[in-house]
Amino acid sequence: MKANVDRDLCIGCALCEQTCPEVFRMGDDGLAMVIDEDPPVETYPDIEACVELCPVGAISVSAV
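Keep in mind the model is a prediction, meaning the values are calculated, not measured.

Participant: Break down the nonpolar core for me, with residues and values.
Facilitator: Grouped burial of nonpolar side chains is what soluble globular proteins tend to show. Residues Val5, Val23, Phe24, Ile47 and Ile59 are the most contacted members of the largest nonpolar core, which totals 18 residues. Within the residue set of this core, elements represented by two or more residues are strand 1 (2–5), strand 2 (24–26), strand 3 (32–34) and helix 2 (44–53).

Participant: Quick rundown of unusual backbone geometry? Include the residues and the values.
Facilitator: Its identity as a non-glycine residue notwithstanding, Ala14 has a phi of 75 degrees, on the positive side. Relative to the helices and strands, Ala14 is located in the loop between strand 1 and helix 1 (15–19).

Participant: Can you break down the environment of Arg25 residue by residue, with the values?
Facilitator: With respect to the element layout, Arg25 can be found in strand 2. Taking C-alpha positions, Arg25 is 6.5 Å from Ile35, a pair spaced 10 residues apart along the chain. Residue contacts for Arg25: discarding those within four places in its chain leaves Glu17, Leu31, Ala32, Met33 and Ile35. Among the polar contacts made by the side chain of Arg25, one reaches the side chain of Glu17 at a distance of 3.5 Å. Of the polar contacts made by the side chain of Arg25, one reaches the backbone oxygen of Pro21; its length is 3.1 Å.

Participant: Tell me what's going on with the state of the cysteines, and back it up with residues and numbers.
Facilitator: Counted according to the given criterion, the structure contains zero disulfides. Looking at Cys16, it has no disulfide partner, and the nearest cysteine sulfur is the one in Cys50, 5.7 Å off. Among the residues examined, Cys16 registers a relative accessible area of 8% and is labelled buried. Distance from the sulfur of Cys54, which forms no disulfide, to the nearest cysteine sulfur (Cys13) is 5.8 Å. Overall, the relative accessible area of 16% leaves Cys54 in the buried class.

Participant: Describe empty space enclosed by the protein, listing the residues and the values that go with them.
Facilitator: Tallied over the entire structure, the rule returns one cavity of 30 Å³ or more. Reported here for the largest cavity is a volume of approximately 100 Å³. Cys10, Cys13, Cys16, Cys54 and Ile59 are, among the 16 residues lining the largest cavity, the residues nearest its centre. In the lining of the largest cavity, the residues fall into 15 nonpolar, one polar and no charged.

Cut-offs and rules
- Residues numbered from 1 in each chain as written.
- Predicted model: local features only at pLDDT ≥ 70, side-chain atom pairs only at ≥ 80, totals over all residues.
- Heavy atoms only, no water.
- Core = buried A, V, L, I, M, F, W, Y, C linked by side-chain atoms within 4.5 Å.
- Buried < 20%, exposed > 50% of the residue type's maximum accessible area, 1.4 Å probe, protein only.
- Helix = DSSP H or I, 4+ residues; strand = E, 2+ residues; numbered from the N terminus.
- Contact = heavy atoms within 4.5 Å.
- Polar contact = N/O pair within 3.5 Å; in protein donor to acceptor, adjacent residues only side chain to side chain.
- Disulfide = S-S within 2.5 Å.
- 1 Å grid on protein atoms, 1.4 Å probe; cavity = no way out; pocket = protein on both sides within 12 Å on 5 of 7 lines; lining within 4 Å.
- Points joined across faces, edges and corners; volume = space filled by probe spheres on them.
- Nonpolar A, V, L, I, M, F, W, Y, C, P; charged D, E, K, R; others polar.

Okay, structure coming up:
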């Protein structure tokens, strides 16, 4: 699984970083970014939660 952040949609609410800090971090510009391009399997449920929690739909996942 690969996590993606559409930085054009991101509003910087930081829910993704709070939910899955192993994979998401807020950048210096205040927008979310993916910090682990190959996340461990045990983070998959949290990544999927981020997809659901993102208020603007900026987070998506794709198969590797």
